[in-house]
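Spelled out, the chains give:
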Amino acid sequence: MTDREPLSTPLPVPEPGNGFEQDWVLRAWLESTLPADLLASEQPVLHELGARSGGEWYRLHRADRVHEPRLVQWDPWGLRVDHIELTEVWKRAHGWAAEYGLVACGYDAALAEHARTVQFARAWLYIPSTDFYGCPLAMTDGAARILTDAGNAALAERALPHLLARDPDRFWTSGQWMTETAGGSDVGNTETVARRDADGRWRLTGRKWFTSAATSEIALTLARPEGAPEGSRGLALFYIEPRDDQGRLRDIEVLRLKDKLGTRKLPTAELWLDGAQAEPVRGLERGVANIAPMLNLTRTWNAVTACALARRGIDLARAYAEQRRAFGRVLARQPLHRRTLAAMEADPAAAALGTLAMIAELGRVEAATDDARPDLLRLLTPLLKLGTAKDAIALASETLECFGGAGYVEDTGLPELLRDVQVLSIWEGTTNVLSLDLLRAIGQVGVAPLTEAVADRARALDGEPLAPVRRALEQALERVPAWLDAGDERLEAAGRELALNLYRMFCLAELATVARRRLADDDGRPLAAARLFAARHFPLREPVGEDCGAVLGDF
Ligand code: MFK
């Protein structure tokens, strides 16, 4: 130590602040869609969550930065235990999730069609400081949906009271064990075999290659009953309780934890099922179709996570820009940096409102309201999953750049943001798999539910301020039939660009709709965001479905 005066000034420390107070998009949505009494009862909860997530939870998340889950395979005396030690945030995040009803709210009949909006508004604020505990919550939500609807009374009675518990000690989470080496995207290639033992119980044998949150109390998984046909129709959906009352794994080995680019607090394991006992959830076939409701919900959580982490990045970048000086001025007063920050607000605002609209639709579909549109929801789920993931990755990259070199240095915590969001376009279906799912969905319900929703919203954009946005949407809508009329091969090749175009159209339509409502309350911010978003992305590029052989060369 020397008593020398510091020679240089330390950098300002960005703090995220109250995530609810700063999230003008989430607040604008809730204020313009929730009934007044529900809004009044929810707002204090959301303020509290915003304060905790930007305060005490954020500090814990920062302090816990270097810790990772650890697999302890053997006890000191030679017994194979395969115990996964969790990080501090993970241990606590379980209880917080239960207390705030982050799964339970979505099934609260008293909230009727608003149940999903309430649930995901809370999750939105919880996610950024809880080190991807949203992953087990997403899978738990998916399991709760399946067990609510599957018509398997015994499993529903056994598991639902735990999956929907608000008491941390009773609350269980669920895994979703799907991915195998032979079937990551192409799940129909699953090799795990289901056999009946002498007592008539089903036993599963096989290797599950990526199992997120391997510490969950239950899991839903796929296996092929012996002798069943190949492909996804021959798979069955099974329910597993991996551990006994003492917490010991039953006929399951943890082969290793994955050494991943990001989401490192999340214990993703490779498992060997060595005759693990399991129960069929719903018959012995159509496993992929039967697990699809879980996929659609985890994809919804994925979109929410993308939006929530984008918001965290913006909050940090703004906090820094207000303090960091360069060339004689704080960054927040420099035109080019302001333009960058404005774009960073506009794109996530559109993504967030598209996502919130999808969530509201999910609420209506599940509550079976008269105006529910399951066909629209079927199209929105892959669209919002793939679009928000891509946007979140671009946004995280931009966020790091807002900090210059500090954004590239590990102990600021910023690089973690970029590494973490990269998973969002991979798990739960890559961008290409989701683009193909969109084409599958268009094949089932047509594109009209989506284009009509955009057209209805565009028609309502009366008045000069939103005229450019309306024109942008109408021009794009005119092109959709030609994009879809490309022929099978070309349409498949163009699938990603088509999906991103439809995503941007829907998100802009939602942003503009909120902008119009908010103008009546003298709030011009959504309007400005809508105009900037339209200027940045419209007219949309024509999707390219040409054969790429020439570019690929001898391939
Ligand atoms: C924090 C954020 C939350 C994130 C949590 C993540 C944690 C979990 C980590 C993981 O587990 S990652 C692994 C996730 N894996 C995937 O997402 C699989 C990606 N692959 C696909 O989605 C493929 O498209 C698919 C496996 C569905 C292809 O399967 P098939 O069998 O080759 O497709 P096919 O034959 O078209 O569909 C079979 C049936 O499923 C059909 O129904 P029917 O039998 O009635 O005809 C389809 O309509 C139905 N289906 C497929 N996708 C559907 C769907 N139904 C509704 N919604 C969908 N999305």
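Just above sits the structure.
Residues numbered from 1 in each chain as written. Predicted model: local features only at pLDDT ≥ 70, side-chain atom pairs only at ≥ 80, totals over all residues. Heavy atoms only, no water.

Quick notes on the layout of surface pockets
Turning to step 1, where the next piece is worked out: Approximately 720 Å³ is the volume found for the second largest pocket.
Turning to step 2, where the next piece is worked out: For the lining of the second largest pocket, the secondary-structure elements that each account for two or more residues are strand 2 (80–85), helix 5 (88–99) and strand 8 (252–257).
Turning to step 3, where the next piece is worked out: By residue number, the principal contributor to the lining of the second largest pocket is strand 2, which donates five residues.
Turning to step 4, where the next piece is worked out: Among the residues forming the lining of the second largest pocket, the class breakdown is 11 nonpolar, six polar and 13 charged. (1 Å grid on protein atoms, 1.4 Å probe; cavity = no way out; pocket = protein on both sides within 12 Å on 5 of 7 lines; lining within 4 Å. Points joined across faces, edges and corners; volume = space filled by probe spheres on them. Helix = DSSP H or I, 4+ residues; strand = E, 2+ residues; numbered from the N terminus. Nonpolar A, V, L, I, M, F, W, Y, C, P; charged D, E, K, R; others polar.)

Examining empty space enclosed by the protein
Turning to step 1, where the next piece is worked out: If you walk through the whole model with that rule in mind, you get five cavities of 30 Å³ or more.
Turning to step 2, where the next piece is worked out: Computed from the structure, the largest cavity encloses a volume of approximately 210 Å³.
Turning to step 3, where the next piece is worked out: In terms of lining residues, the largest cavity is bounded by 17 residues, among which His61, Pro128, Gly413, Glu416 and Leu417 are the most central.
Turning to step 4, where the next piece is worked out: For the lining of the largest cavity, the elements supplying multiple residues, two or more each, are helix 4 (56–63), helix 9 (287–323) and helix 12 (414–421).
Turning to step 5, where the next piece is worked out: In this structure, the second largest cavity occupies an estimated 100 Å³ of space.

Overview of the pattern of salt bridges
Turning to step 1, where the next piece is worked out: Counted according to the given criterion, the structure contains 46 salt bridges.
Turning to step 2, where the next piece is worked out: In this structure, Asp244 engages Arg248 in a salt bridge whose closest nitrogen and oxygen atoms are separated by 3.1 Å.
Turning to step 3, where the next piece is worked out: For the salt bridge of Asp315 with Arg311, the shortest nitrogen-to-oxygen distance reads 3.1 Å. Taken together, the positions of Asp315 and Arg311, both in helix 9 and four residues apart, correspond to about one turn of that helix. Judged on exposure class, the residue Asp315 and its partner Arg311 are both buried.
Turning to step 4, where the next piece is worked out: Members of the salt-bridge network, linked through shared partners, are Arg116, Asp141, Arg145, Asp149 and Glu366. (Salt bridge = Lys/Arg side-chain N within 4 Å of Asp/Glu carboxyl O. Buried < 20%, exposed > 50% of the residue type's maximum accessible area, 1.4 Å probe, protein only.)

Brief notes about the site of the ligand
Turning to step 1, where the next piece is worked out: Taken together, 31 residues are adjacent to the ligand, and Ser185, Ser232, Arg286, Arg299 and Arg440 come closest.
Turning to step 2, where the next piece is worked out: With respect to the ligand, the side chain of Arg440 contributes an N or O atom lying 2.9 Å from an oxygen atom.
Turning to step 3, where the next piece is worked out: In isolation the ligand exposes 1200 Å². Once the protein is present, 80% of that is buried.
Turning to step 4, where the next piece is worked out: Contributions of two or more residues to the shell around the ligand are made by helix 7 (134–149), helix 9 and helix 13 (431–445).
Turning to step 5, where the next piece is worked out: Sort the elements by how many residues they give to the shell around the ligand and helix 9 lands first, with 10 residues.
Turning to step 6, where the next piece is worked out: Its residues assigned to classes, the shell around the ligand shows 11 nonpolar, 13 polar and seven charged. (Near = heavy atom within 4 Å. Polar contact = N/O pair within 3.5 Å; in protein donor to acceptor, adjacent residues only side chain to side chain. Areas by Shrake-Rupley, 256 points an atom, 1.4 Å probe, with all protein chains shown as cover.)

Focus: the pairing of strand 2
Turning to step 1, where the next piece is worked out: Here four bridges tie strand 1 (residues 70–74) to strand 2, and the two strands are oriented antiparallel to one another. Each bridged residue has a counterpart across the sheet, and for Leu71 the counterpart in strand 2 is Ile84. (Pairing = 2+ DSSP bridges.)

Here we look at the nonpolar core
Turning to step 1, where the next piece is worked out: Residues Tyr126, Leu473 and Met505 are the most contacted members of the largest nonpolar core, which totals 146 residues.
Turning to step 2, where the next piece is worked out: When residues in this core are grouped by element, the largest group, 14 residues, is from helix 17 (residues 495–519).
Turning to step 3, where the next piece is worked out: Leaving out residues up to four positions away in the same chain, Tyr126 has contacts with Leu49, Ser53, Trp57, Ala93, His94, Trp96, Ala97, Leu102, Tyr133, Gly134 and Leu137. (Core = buried A, V, L, I, M, F, W, Y, C linked by side-chain atoms within 4.5 Å. Contact = heavy atoms within 4.5 Å.)

Some words on the packing of helix 3 (residues 36–54) against helix 6 (residues 115–126)
Turning to step 1, where the next piece is worked out: At a minimum axis separation of 8 Å, helix 3 and helix 6 run at an interaxial angle of 15°. With respect to helix 6, the element helix 3 is oriented roughly parallel. Handedness of the crossing formed by helix 3 with helix 6: right-handed. Contact residues: helix 3 offers Leu38, Glu42, Val45, Leu46, Leu49, Gly50 and Ser53, while helix 6 offers Val118, Ala121, Arg122, Leu125 and Tyr126.
Turning to step 2, where the next piece is worked out: For the contact of helix 3 with helix 6, a count of residues per class yields eight nonpolar, two polar and two charged. (Axes fitted to C-alpha atoms, helices over the stretch in contact; angles between N-to-C directions. Parallel < 35°, antiparallel > 145°, perpendicular 65-115°, else oblique. Left-handed = near helix turned anticlockwise from the far one by under 90°.)

Overview of the packing of aromatic side chains
Turning to step 1, where the next piece is worked out: Applying the stated criterion across every chain yields a total of 10 aromatic pairs.
Turning to step 2, where the next piece is worked out: Look at Trp57 and Trp96: their rings are 4.3 Å apart centre to centre, the planes differ by 10°, and that puts the pair in the stacked class. Within this pair, whereas Trp57 is found in helix 4, its partner Trp96 is found in helix 5, the two being separated by 39 residues in sequence.
Turning to step 3, where the next piece is worked out: A relative accessible area of 1% means that Trp57 is categorised as buried.
Turning to step 4, where the next piece is worked out: Consider the rings of Phe132 and Trp427, whose centres lie 6.0 Å apart with planes at 55°: the pair is tilted. Highlighted residues: Phe132 in the loop between helix 6 and helix 7 and Trp427 in the loop between helix 12 and helix 13, separated in sequence by 295 residues. (Phe/Tyr/Trp six-rings, centres within 6.5 Å; stacked < 30°, edge-to-face > 60°.)

Side note on helix 13
Turning to step 1, where the next piece is worked out: For helix 13, spanning 15 residues, the distance from its first C-alpha to its last is 21 Å, which sits close to the expected 21 Å at 1.5 Å a residue.
Turning to step 2, where the next piece is worked out: Within the span of helix 13, buried status applies to Thr431, Leu434, Ser435, Asp437, Leu438, Leu439, Ala441 and Ile442.
Turning to step 3, where the next piece is worked out: Here the buried face of helix 13 lies against helix 9, helix 11 (374–402), helix 15 (467–484), helix 16 (488–493) and helix 17.
Turning to step 4, where the next piece is worked out: Within two residues after helix 13, Gly446 carries a phi angle of roughly 80°, on the positive side. (Expected span 1.5 Å × (residues − 1).)

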